[in-house]
Amino acid sequence: MPEVEISRADVEQFLSRFSVVVRDGDRETRHAVTMSRGDFERLGRSYRTPEEFVRACFAFLLARESNEQILASFDVSQIATYFPEFEEIIGNPPA
């Protein structure tokens, strides 16, 4: 399983920015991720922190594609555009 490192890069009133590094063997990718407060409240309510939610988003993505296929920069709300099941799955994490 790839190693995912997340750090919050910036916090504004309605938007958080995260820097994410994914290491899978000798392959390392870097990603800039944004997330609105509304998306976290709607989809991430089952997660303790925004960072934990972003980590779950990456686990979701990495189960479907390699780290090299994940966009370098995206907003969490865009994931459902590529994977329609995203919101249902991420909003109902396994216990």
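Quick caveat: nothing in here was measured; it's all calculated off a predicted structure.

The next subject is the overall build of the protein. Helix and strand counts for the protein come out as 4 helices and 4 strands. Its helices and strands in sequence order give the protein the pattern β-β-β-α-α-β-α-α, from N to C terminus. Here the protein has a C-alpha radius of gyration of 12 Å; the compact-globule value for 95 residues is 12 Å, and the two agree. Each principal axis of the C-alpha distribution contributes one length, and for the protein these read about 35 × 30 × 25 Å.

Summed over the entire model, instances satisfying the criterion amount to 5 aromatic pairs. Summarising the aromatic geometry, the rings of Phe-40 and Phe-53 are spaced 6.0 Å apart at their centres and angled 70 degrees between planes, so their arrangement reads as edge-to-face. Linking Phe-40 in helix H1 (residues 37-43) with Phe-53 in helix H2 (residues 50-62), this pair joins segments that are 13 residues apart in sequence. Members of the aromatic cluster, connected to one another through ring pairs, are Phe-40, Tyr-47 and Phe-53.

Cut-offs used in this document
- Residues numbered from 1 in each chain as written.
- Predicted model: local features only at pLDDT ≥ 70, side-chain atom pairs only at ≥ 80, totals over all residues.
- Heavy atoms only, no water.
- Helix = DSSP H or I, 4+ residues; strand = E, 2+ residues; numbered from the N terminus.
- Rg over C-alpha atoms; globule rule 2.2 N^0.38 Å.
- Phe/Tyr/Trp six-rings, centres within 6.5 Å; stacked < 30°, edge-to-face > 60°.

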